[in-house]
Amino acid sequence: MCVMPSVSSVAINSSVLSARQASCRTIFLTKCWKIIREWGGGCIGVSPMCGEALLDPKLLPRIEAITSSGLATCFCTNGLALHKIDLDRLVRSGVSPVYVSTAPMDAQSLALIYRVHDFDHLIEGIVGLLSARRRLQSNLRVEIHFRSHLPKRDVLRRPVFRERIWPLLTDVERQCIQVQIVAYDSWGGMIKPADLPGRMRLALPSRLRRRPCNRLFQPMVMYDGQVRLCACRFGPSNVADDRDALVIGNVREASLHSILDGTRARELRRSFIRGTMPVICRDCAHYEPC
């Protein structure tokens with residue numbers, strides 16, 4: 001089980017996040033940890049649903065609090081802010097794995113796909129993380145996932161990657177390198193085919209959905225305590241009903257166990273069998289039948 005205590009990177013860096021919202025994190029995270037331990041352990045992912053985990057100024061103490069409780073934790077990052085944090089502390093924190101989602105390693109590809117011009121800092125951060133891992137003799141696993149408009153052979157031949165990153169990866173990490181060209185999520189229709197360069201293509205959603213989606217067993221706990229039955233889907237901001245359809249409770253009002261095993265969760269899963277699943281689920285490219 002992976003429970004994701006999501007914190008919007010936008011909220012963290014603005015006045016939107018109130019003191020009350022910030023203080024409630026400890027309350028609901030403690031409740032999450034307790035029930036996860038009772039269920040025999042698991043992983044708490046600290047990546048926001050969308051946004052960047054490294055923009056959370058309390059990411060490192062949050063990770064340390066989770067790992068010190070005996071639970072595993074992981075997060076995904078685009079790597080652009082790795083050079084700004086204490087990488088030795090991150091390596092020592094016990095987090096594993098760290099997933100780095102990036103473009104083929106040249107400045108032009110990063111600007112094309114991620115629309116940022118900060119290639120030198122990206123490489124500085126990734127090399128710094130891998131070097132700290134080696135120096136501290138840590139078992140931290142770092143997986144690199146490329147979002148690419150180029151075939152895998154061309155991605156792996158990029159000079160910066162071959163000369164600076166590849167030598168620092170373990171054999172297992174080299175085997176786990178992913179290069180995604182097709183099957184991109186449209187985020188509920190917000191991303192169009194014209195938005196993707198080169199060979200990149202959107203996923204074709206499955207039309208046959210008579211079994212509950214596996215992602216309905218991968219819940220997310222939001223920063224305000226709301227529990228979403230699915231950790232990877234929300235609709236456009238002007239479709240409130242679609243976005244809220246997957247919210248099944250709040251850990252400030254009920255236990256996580258009672259929420260995940262409650263009537264609302266069961267009805268949402270059964271809705272796939274009946275053909276009455278929420279609108280946001282009907283064309284979701286992430287559908288995975290149980």
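Up top is the structure.
Every chain begins its residue count from 1, and numbering advances along the sequence as written. Predicted model: local features are reported for residues with pLDDT of at least 70 only, side-chain atom pairs are reported and counted for 80 or more only, and whole-chain, interface and lining totals are derived from all residues. Side-chain figures throughout are based on the complete set of non-hydrogen atoms in the structure, without hydrogens or water.

1. Comments concerning the overall build of the protein chain
Logical step 1: Where helices and strands are cited, they refer to DSSP runs of H or I of at least four residues and of E of at least two residues respectively, numbered from the N terminus. Along its length, the protein chain carries 13 helices and nine strands.
Logical step 2: Note on definitions: a residue-residue contact is assigned when non-hydrogen atoms from the two residues lie within 4.5 Å. Considering only contacts within the protein chain whose residues lie at least 6 apart along the sequence, 67% involve residues at least 24 apart.
Logical step 3: With residues, only the protein chains shown are counted as cover, and all accessible areas are computed by Shrake-Rupley using a 1.4 Å probe. Roughly 14400 Å² of accessible area belongs to the protein chain as shown, and the carbon and sulfur atoms make up 52% of that amount.

2. Some details on the packing of aromatic side chains
Each aromatic ring pair is characterised by the separation of its centres together with the angle its planes make.
Logical step 1: Planes of paired rings set the category: under 30 degrees apart is stacked, over 60 is edge-to-face and the rest tilted, where pairs are Phe, Tyr or Trp rings (Trp by its six-membered ring) whose centres lie within 6.5 Å. Under the definition given, this model contains three aromatic pairs.
Logical step 2: Each ring, one from Phe146 and one from Phe161, has its centre 5.5 Å from the other, and the planes form 85 degrees; the classification is edge-to-face. Residue Phe146 is found in strand β5 (residues 142-147), and its partner Phe161 is found in helix α8 (residues 159-165); the two are separated by 15 residues along the sequence.
Logical step 3: Throughout this description, buried means an accessible area under 20% of the type-specific maximum (1.4 Å probe, protein chains only), exposed means over 50%, and partly exposed covers the range between. For Phe146, a relative accessible area of 0% translates into the label buried.
Logical step 4: Classification of Phe161 by relative accessible area gives buried; the value is 0%.
Logical step 5: Arranged with centres 6.0 Å apart and planes meeting at 70 degrees, the rings of Phe161 and Trp166 form a pair that is edge-to-face.
Logical step 6: Of the aromatic side chains, those joined through ring pairs into one cluster are Phe146, Phe161 and Trp166.
Logical step 7: Charge-over-ring placement is defined geometrically: NZ (Lys) or CZ (Arg) within 6 Å of the ring centre, and within 35 degrees of the ring normal. Arg269 extends its terminal NZ or CZ atom over the ring of Phe217, reaching a point 4.1 Å from the ring centre.

Structural measurements only, silent on function.
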